[in-house]
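# Fold and geometry: a report
What follows is the residue order along each chain.
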Amino acid sequence: MGLDVPAPEILRARADALRAARGWLWDQGFIEIEAPALVRSPALEEHLEALPAGGAFLHTSPEFALKRVLASGLGRVFAITPCFRGEEWGPNHSVEFTMLEWYRIGTGHEGILEDCEALVGAAAAALGQRLPPFERLAYAEAFRRHAGAEPPEDPVEADRLWVNDVEPRLLAPTFILDYPADRCAFASVRGAYAERFELYWGGLELANAFTELLSPDELRARFAHNNAARIAAGRAPYPVDERLVRAIGQHPRAGGIALGVDRLIMRLVGASDIRDVRVLG
Amino acid sequence: MANVYETSDFRNGLKVLVDGQPFSMIYFQFVKPGKGTAFTRTKLKNLLSGNVIERTYRTGETLEAADCEDVEMQYTWNDGETYYFQNTETFDEVPVSKQMMDGAEDFLTDDIIVNITMFNARPVAVSLPNFIEAKITYAEPGAKGNTATNATKSATLSTGATIQVPLFVETDEVIRVDTRTREYVSRVNTK
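What this report covers is the structure whose coordinates are included nearby.

Rules used in this analysis
- Residues numbered from 1 in each chain as written.
- Chains lettered and ligands numbered in written order.
- Predicted model: local features only at pLDDT ≥ 70, side-chain atom pairs only at ≥ 80, totals over all residues.
- Heavy atoms only, no water.
- Helix = DSSP H or I, 4+ residues; strand = E, 2+ residues; numbered from the N terminus.
- Rg over C-alpha atoms; globule rule 2.2 N^0.38 Å.
- Buried < 20%, exposed > 50% of the residue type's maximum accessible area, 1.4 Å probe, protein only.
- Contact = heavy atoms within 4.5 Å.
- Salt bridge = Lys/Arg side-chain N within 4 Å of Asp/Glu carboxyl O.
- Phe/Tyr/Trp six-rings, centres within 6.5 Å; stacked < 30°, edge-to-face > 60°.
- Lys NZ or Arg CZ within 6 Å of the ring centre and 35° of its normal.
- Axes fitted to C-alpha atoms, helices over the stretch in contact; angles between N-to-C directions.
- Parallel < 35°, antiparallel > 145°, perpendicular 65-115°, else oblique.
- Left-handed = near helix turned anticlockwise from the far one by under 90°.
- Nonpolar A, V, L, I, M, F, W, Y, C, P; charged D, E, K, R; others polar.
- Pairing = 2+ DSSP bridges.
- Buried area = accessible area lost by both parts, 1.4 Å probe.
- Polar contact = N/O pair within 3.5 Å; in protein donor to acceptor, adjacent residues only side chain to side chain.

## Some points on the overall build of chain A
Per the secondary structure count, chain A includes eight helices and 14 strands. In summary, chain A has a C-alpha radius of gyration of 18 Å against a globular reference of 19 Å for 281 residues, a match within 12%. Counting only residues that meet the buried cut, chain A has 52% of its 281 residues in that class. By sequence separation, contacts in chain A at least 24 residues apart represent 66% of the contacts at least 6 residues apart.

Spelled out as C-alpha cells, the structure:
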C-alpha cells in the first residue's frame, strides 16, 4: 500500500524552509498568533467558498483574526495555519492548504514588499538557494508585455486573459504592482490604484499583500458589494464580522500579506503538484 | 433542451460542441487568481479536422454536449488508404480514412473490436482496446552479454507497428502491448 505522503527529503526541505521563515519573523519582532480555524464570519469575498462546520465556517484565511489582534495593540503579528477553500482543486490547489500571513503597523504594502523578498530569500537560503532580486512589474504593463494588450475593462475577461497569457509567463520571482482601483479587494485605494501587490514565481501566484484599509465605512461598503455579488451569482452571502469593522481604523497605517506556503515550497523544491509537498487527509 | 456540461463535469474524453463543431476534451486544469474568478483551462481536439484549440471557461459557463455515440465495430480489411469496420449489431460497413485512424492502424489485429465515435452518423474517431496481443514478425537479435535491465531493441509486430522491446524477446513470440503508449507490457505464454 502506498502511504500517500510526499518524499522524506521534500518534507525535510519544507520543515527547513518554514523554520527559516518563522525565524525571520521572530527576528523582526513579529508575535506568532494561533488564529482560529473555526469562525463565524469567513473572509467575505465574492470568489471564496468557505466550508460550513459546526454551525460556523472553517476559515479561508487568518486575515480577519490577525487584523483584530493588530488593532488590539500588538504592532507586528503573524500566523502559519491550515486554511480551507471549497471548490478549489487541481495541481496548484487543495481545499486544505497552509497560509503564512503577517501584518505590521507603520508601513503600507511597500514595506511588506521588502519583508516578503527578505522572508522568501531566508527560506530559500535554508535550502542552499540564492534567489535573484525580485522583479517589479505594473499590472497593466504585465498585460502589455505578455498578452500584447491593455487589460480588459471587464474584470472576468481581465482574469481570463491573465490566467491564459500573463500568469504562465511570470517565471522569475516577480511583484505585480499598481492594480487598478476596482481590483482593490480589501486594500486601501490611492488615486487610480489599489495599494496592493501580488508575488508570482514560476507562473504561480504565491502571495497577495495590502496597505490595510483604515475606514470602517469603506470596509462595510466593500462587504455589502461582495455580498451583493455573491447573491447575484446564486451563492450564499456571509455574515459581516462586526468586530473586524470595529477594529479597522483603531491602528495607524498598516500593511499585511498572505503567502501560500505549499506553493512556495513547490517552487523551492521544483514540484509541479501541491500533493508532492503537503501531507493531505 | 440540449445536454450541457458544467466546468465541474469536465474530464478527458468529454465530447462537446464548440461553434457547431464536435470536439473531444484532451486536457483540463482548474485555475483561479486568489482575488479573482475561477476558470477551467482546456485543450479541445476537433473530431473532424484533428486541430487542437485552447479554451478557458469561467465556473458557471457551460459547454453543449456533442451528440456523439461510441459504437463497437469489428475490423474487416483495408486497402492501405481506407480501413473498413463492421457494426457488430447492424452489420453496416463503416469506412475510416487513414488520417482519422491517427496511428491506430498500427495495432489492428484480425477481427479486433474497436470503439468508433459517431457524430451525425459519421465516424469521427477510433479507440483501440487499451491492450492488444500480437506476434513479433521480426526482432533484432539480442546482443549477448548485455545485461542492462532497461536496454531495448526494435521489434516489428504482425499488425505492422514497430516498437521497443526488451532484449530477451525474440521473433515469433506473442507479446502484450499498451496501445495508448505504444509500449511493450509483457510476453504472452502461448504454450
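Let us keep going from here.
## Some details on the pattern of salt bridges
Within this structure, the stated rule accounts for 33 salt bridges over all chains. With a closest N to O distance of 2.8 Å, A:Glu63 and A:Lys67 form a salt bridge. Residue A:Glu63 and its partner A:Lys67 are both found in helix H2 (residues 63–71); the two are separated by four residues, about one turn of the helix. Per residue, the accessibility class of A:Glu63 equals that of A:Lys67, and both read buried. Between B:Arg187 and B:Glu173 there is a salt bridge; the shortest N-O distance is 3.1 Å.

## Side note on the packing of aromatic side chains
Enumeration over the complete set of coordinates arrives at 16 aromatic pairs over all chains. Centroid distance A:Phe175 to A:Phe197: 5.1 Å. Interplanar angle 80°. Geometry classified as edge-to-face. Of this pair, A:Phe175 sits in strand S8 (residues 174–177) while A:Phe197 sits in strand S12 (residues 196–201); the two residues are 22 residues apart in sequence, bridging distant segments of the chain. By relative accessible area, which is 0% here, A:Phe175 ends up buried. Among the aromatic residues, ring-to-ring pairing joins A:Tyr139, A:Phe143, A:Trp162, A:Tyr179 and A:Tyr200 into one connected group. Seen from the ring of B:Tyr27, B:Lys43 lies directly overhead, with NZ or CZ sitting 5.2 Å from the centre.

## A word on the packing of helix H4 (residues 139–147) of chain A against helix H5 (residues 155–166) of chain A
Residue and element names in this part refer to chain A. One can describe the packing of H4 onto H5 by two numbers: an axis separation of 10 Å at closest approach and a directional angle of 50°. The angle between the axes of H4 and H5 places the two elements in the oblique class. H4 and H5 meet at a crossing whose hand is left-handed. Contacts between H4 and H5 involve Tyr 139, Ala 142, Phe 143, His 146 and Ala 147 on the former and, on the latter, Ala 158, Leu 161, Trp 162, Asp 165 and Val 166. Residues that form the contact of H4 with H5 fall into these classes: eight nonpolar, one polar and one charged.

## Details of the sheet that holds strand S4 (residues 56–58) of chain A
Residues and elements named next belong to chain A. If you walk across this open sheet you meet the three strands as S2-S4-S3, and the pairing is antiparallel. Lying at the two open borders of the sheet, with one neighbouring strand each, are strand S2 (38–39) and strand S3 (52–53). Taken together, the two bridges between S3 and S4 define a ladder with antiparallel strand orientation. Looking at S4, one finds that Pro 52 is bridged to Phe 57.

## A look at the interface of chain A and chain B
On the side of chain B, 17 residues touch chain A, which itself brings 23 residues to the contact. For the chain A and chain B pair, buried surface summed over both sides reaches about 1,900 Å², with 54% attributable to carbon and sulfur atoms. Counting the surface chain A buries against chain B, the share from its top three residues, A:His47, A:Trp89 and A:Arg160, is 29%. In this structure, the salt-bridge partner of A:Glu88 is B:Lys32, at a minimum N-O distance of 3.9 Å. At the junction of chain A and chain B, the tally comes to eight residue pairs in polar contact (both at pLDDT 80 or more). When residues of the side of chain A that touches chain B are traced back to their parent elements, those giving at least two are H5, S12 and strand S13 (204–211) of chain A. Element by element, the count of residues in the side of chain A that touches chain B is highest for H5(A), at five residues.

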